[in-house]
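# Chain and residue survey
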Amino acid sequence: MSTQTSITGNGDQLKTLVVVFLRGGADGLNMVAPMHDDGYYRARPRIAIKAAEAARLDGNFGLNPILAGLATPYRAGELLVVHAAGSEDSTRSHFEAQDLMERAGEVAGGWLGRYLRFRGATTTGALSAIAVSRALPESLRGAPAATVMRSLDDFTLGKGGGPLQASLKKLYAAHTDGLGASARDTLNALDRIKQVRDTTYVPAHGADYERDDFAQGLKQVARLIKARVGLEAVSLDLGGWDSHLTQAAIMDPNMRRLNGGLSAFYRDLGKTMEQVTVVVMTEFGRRVGENSAFGTDHGRGSVMFVMGGGVKGGRVLSHWPGLTPEVLEGPGDLPVTINYRDVLAPILQRHHPQVDLAKVFPAYELKPEAVYG
Amino acid sequence: MNLTRRHFLQAGSTASLAAVAAGCSKVDVPEVLLPGRRPLTVPEGPYVTPAGNDIDLVSHALNRLTFGPRPWDYQSVRKLGPTEEAAFAAFLDQQLAPERIDDPDGENAVRRFEVLNEPLGELFEYQEKHLLDALVRATVLRAVFSERQLYEVMVNFWSDHFNIDPSKGDAKWLKVADDRDVVRAHALGNFPAMLRASALSPAMLWYLDGRVNKKGNDADKPNENYARELLELHTLGVHGGYTQKDVMEVARCLTGWTVKETHHSQFGLGNVEFKPFQHDRGEKVVLGHVIPRIPKQANAEKIEELGRAELDTVLGIIGLHPATAKFLATKLCQRFIADEPPAAAVSAVAEKFIASGGDIPTTLRTLFATEGFLTTRGNKLKRPFHYIVSALRATHATTDASHAIQDYLLRMGHAPFHYPTPDGYPEKAAPWLGTLLWRWNFAVALTKNELGNETKIDAEKLNASFKSEEGLMAHLLGRAPTADEVTASKESGATLALMLAAPSFQKC
């Protein structure tokens, strides 16, 4: 790419935040198993991840073997695992808990939308925020620009738009003000998107994206990031984690998608990963004890993953409370010892040092976690 | 609305029911089922278009006092007087008295959203998504089709000034009433009256936490959220000369006002009430005015009377305060003149605001007579809502403002009722400069009729409405096209899309 600008005007400095929301309440305890905690094995005699099968992270925790692909970025120091994390919502209702996590409080709009609105930049590119989902997620409500991506064809002036584009270039050339500058950025972006559309995408470093929607969504995101069209925030959904019965049958295919998608994305982006932060989160974890149907019911604390973006990875960040009965919350749930906002805040600040965090996370006293060491 | 009526409405095709009902006078036919009023007659083309090389006063008025001219508007307004100035004055007189403007098209466009007329309690019977959709669509449709254009422009202005994001709490239901009973009821009325209506709007009490602002015992600390925004955003402005202490004192004056909530009671849902024993009875000092303590021996009735009155005392102190006048005048001048409006215009408007007791039409009349307004033309960037509506009006499009239109508004971050914080959508150009891609994309989609089945233009008819292609261009530019514009249009092979995407059409 010859030109160094992007449509937000800060070119290669631009950082992209990719938020993956695991909808349905993903079981953090079976994604990242606390192998050091007997309580875990006592509570889950039939469905616990055996220490011998797990991909060891540190002396205490091990990845579910299906997520073993994530050990690669972990060992490269580019994946941080956050355990016993979540929100203050204790309703254990999917709707309430997702709502709270996406809005970040009994406030209006979503945290991602407010972040984009109050990140300290005066203008926002047309492609600054994209949702890879059926509808715009609550988290992106109130964003200065947000698009549900269906196809790259949306980002064009249609068939035969060439002459129109040429005429627009002429008309806007006379404008030396902000509008003219913005028009030139937009015309650049259109050229880049055209290149993206006109070339068959070959992921770098032999990365191989699976055919499922999640991986394909990440693939499109990778293309747009590399084409530098001004992408600052992406929201992707991976739903269906509500594993009340026969947990493995429900979770394993989802974990395969998560593992496959994130692994391919990580590999594909290579060094660009320094400018991209992927955050994986879920509305709540599951009950510590398994139920009679080989499943788990709605709980509290779960895991978050933070990948790329200069994160100090290769660690499991946790204030592990233990799983003894007196520690467990309510009907027997892993307590939330790290509020998700305290993980997000330092990331948002790294992406935009001027961000007004009090507006993004109102009515909450931030205690930022040491995501960057 | 009673249940039978709603079931009746849900039963099926309203059109066929209306046909049946029309022949039967004994049935109590809901108004929504009757055929709409006859639309206004559209004048015959070809239309007169602006001929000057610069934007003339009539085009300027249509740019600023309306959401943009329809094909015949320039001709119609120009005919109102022998000179441009006289035509402008007559148009302004009309627009400042919206109740005297016949508006069948505006009314017909929103007839189907009868939920917007529901009383407070009934609103809770609807799904929140349905309500938000109705609000957004009615707002777009009125902006596109209503003849009361300056009124709709002011609705848009106050909707930002008293912004409420309905995603919070019961505001999901109650914003419908706020839009109707606060914003639309007072948009061209009296500011202190609107301020009071807003202070007691159940949606506002939810949105800015007034409903939990109480002093039931010594441990209760007043919730300052509303008090702060009342001073900072609704009246005095952030540099309006109040202190943190004033915010706290105002909050104390407003303790006790609350709203009946969804999960507490089914009776009187959404009603605003004053709870005397949650009111702070101590002495308060607001901007130097002393509000005496409520005597210890006062009974509930007396506490209620004095407590309620403190709301009016506070609003009386700030409603027509010089700082409020300056703050509002600045915002109005930013809206109608320039992002950085001339100081002379701001002070003239502020003075008239106070002198008229906050009468909005009188204040606007002064604004529209300032040199700043009259001479600063074509310099304001249309915000995305204005852009979309002006494009629909300019092309005489039919639309139901459904999915495709809302989608573009969301993409550009300017869908009505989607702004998260109480300051409302920004007015200045900078935050909106990144929206060009979607404006161009919209121009193409509209002119190619790719916005779904309900949003359509008749390009052939539109072209035939003007004597020449230059005439069409003049209509869209508000002035005669330049040689470069004519050339660019010929080369593009898509004059209409190009003009809607052109720099001049982004501005007003």
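Just so it is clear, the structure is predicted and the values come from calculations on it, not from any experiment.

### Some thoughts on the overall build of chain B
The number of helices and strands found in chain B is 27 helices and four strands. For chain B, the C-alpha radius of gyration of 25 Å lies close to 23 Å, the compact-globule estimate for 508 residues. Across its three principal directions, the C-alpha atoms of chain B cover 80 × 60 × 40 Å. Put simply, chain B has 508 residues, and 59% of those count as buried. Long-range pairs, those at least 24 residues apart, make up 73% of the contacts in chain B with a sequence separation of at least 6.

### What to know about the sheet that holds strand β4 (residues 61-63) of chain A
Residues and elements named next belong to chain A. Ordered by their spatial adjacency, three strands build an open sheet running β2-β4-β3, and the pairing between neighbours is antiparallel. The open sheet has two free edges, formed respectively by β2 (32-34) and β3 (55-56), since each of these has just one partner strand. Summarising the sheet, β2 and β4 pair through three bridges and their orientation is antiparallel. Bridged to alanine 33 within β4 is glycine 62.

### With respect to the packing of aromatic side chains
Describing an aromatic ring pair means giving the distance of the ring centres and the angle of the ring planes. Residue and element names in this part refer to chain B. This model, assessed by the stated rule, comprises 23 aromatic pairs over all chains. Measuring from ring centre to ring centre gives 4.9 Å for phenylalanine 368 and phenylalanine 373, while their planes differ by 65°; the resulting arrangement is edge-to-face. Its relative accessible area of 0% is what places phenylalanine 373 among the buried residues. For the ring pair tyrosine 419 and tyrosine 425, a centre distance of 4.9 Å and an interplane angle of 55° mean the geometry is tilted. Among the residues examined, tyrosine 425 registers a relative accessible area of 8% and is labelled buried. Grouping aromatic residues by their ring pairs yields a cluster made of Phe157, Trp158, Phe162, Phe191 and Phe353. Above the face of the tryptophan 206 ring, arginine 211 is positioned so that its terminal group lies 3.5 Å from the ring centre. Just above the ring of phenylalanine 505 sits the side chain of lysine 382; from NZ or CZ to the centre is 3.5 Å.

### What about the confidence of the model for chain A?
Per-residue confidence for chain A averages 91 on the pLDDT scale, and 96% of its residues sit at or above 70. Counting contacts from residues 1-12 of chain A, a segment whose pLDDT is below 50, to residues more than four positions away or on other chains yields 33 contacts.

### What to know about the side chain of glutamine 95 of chain B
Summarising the element assignment, glutamine 95 of chain B is placed in helix α5 (residues 84-95). Here glutamine 95 of chain B is in contact with Ile101, Glu147, Arg148, Gln149, Leu150 and Leu188 of chain B, once residues within four sequence places are set aside.

### Here we look at the interface of chain B and chain A
Between chain B and chain A, the contact holds 47 residues from the first and 44 residues from the second. Buried area between chain B and chain A, both sides added, is near 3700 Å², and the carbon and sulfur share of it is 62%. Interface area lost by chain B to chain A is led by Arg411, Leu437 and Trp440 of chain B, which between them contribute 17%. Counting across the chain B and chain A interface gives three salt bridges. One salt bridge connects aspartate 177 of chain A with lysine 507 of chain B, and the closest N-O pair in it is separated by 3.0 Å.

### Let's talk about the packing of helix α3 (residues 57-65) of chain B against α5 of chain B
Residue and element names in this part refer to chain B. Closest axis-to-axis distance for the α3/α5 pair is 9 Å, and the angle between their directions is 25°. In terms of orientation, α3 and α5 fall into the roughly parallel class. Along its contact with α3, which presents Leu57, Val58, Ala61, Leu62 and Leu65, the element α5 presents Glu84, Glu85, Ala87, Phe88, Phe91 and Leu92. Taken together, the residues that form the contact of α3 with α5 break down as nine nonpolar, no polar and two charged.

### Comments concerning the environment of glutamate 138 of chain A
Residues and elements named next belong to chain A. By the element assignment, glutamate 138 lies in the loop between β6 (129-132) and β7 (147-148). The spatial distance from the C-alpha of glutamate 138 to the C-alpha of lysine 15 is 22 Å, given a sequence separation of 123 residues. Leave out the neighbours within four places in its chain, and glutamate 138 touches Asp99, Glu102, Arg103, Gly109 and Gly110.

### Remarks on the pattern of salt bridges
Residues and elements named next belong to chain B. Enumeration over the complete set of coordinates arrives at 51 salt bridges over all chains. Among the salt bridges present, the one from aspartate 280 reaches arginine 252, with a minimum N-O distance of 2.7 Å. Placement of aspartate 280 in the loop between β2 (272-274) and β3 (284-286) and of arginine 252 in helix α14 (residues 244-253) is noted, with a sequence separation of 28 residues between them. Take arginine 252: its relative accessible area is 17%, and that puts it in the buried class. With a shortest N-O distance of 3.0 Å, lysine 380 and aspartate 339 are connected by a salt bridge. In this pair, lysine 380 is assigned in the loop between α19 (371-375) and α20 (384-394) and aspartate 339 in the loop between α16 (322-336) and α17 (343-355), connecting sequence segments 41 residues apart.

### Quick word on the confidence of the model for chain B
Residue and element names in this part refer to chain B. A residue-level look at chain B finds 92% of positions with pLDDT of 70 or above and a mean pLDDT of 92. Segment residues 1-25: pLDDT under 50, and 21 contacts once partners within four positions in sequence are set aside and those in other chains are kept. Interface scoring of the predicted complex returns ipTM 0.88; its pTM is 0.84.

Scoring rules and cut-offs
Residues numbered from 1 in each chain as written. Chains lettered and ligands numbered in written order. Predicted model: local features only at pLDDT ≥ 70, side-chain atom pairs only at ≥ 80, totals over all residues. Heavy atoms only, no water. Helix = DSSP H or I, 4+ residues; strand = E, 2+ residues; numbered from the N terminus. Rg over C-alpha atoms; globule rule 2.2 N^0.38 Å. Buried < 20%, exposed > 50% of the residue type's maximum accessible area, 1.4 Å probe, protein only. Contact = heavy atoms within 4.5 Å. Pairing = 2+ DSSP bridges. Phe/Tyr/Trp six-rings, centres within 6.5 Å; stacked < 30°, edge-to-face > 60°. Lys NZ or Arg CZ within 6 Å of the ring centre and 35° of its normal. pLDDT = per-residue confidence, 0-100. Buried area = accessible area lost by both parts, 1.4 Å probe. Salt bridge = Lys/Arg side-chain N within 4 Å of Asp/Glu carboxyl O. Axes fitted to C-alpha atoms, helices over the stretch in contact; angles between N-to-C directions. Parallel < 35°, antiparallel > 145°, perpendicular 65-115°, else oblique. Nonpolar A, V, L, I, M, F, W, Y, C, P; charged D, E, K, R; others polar.

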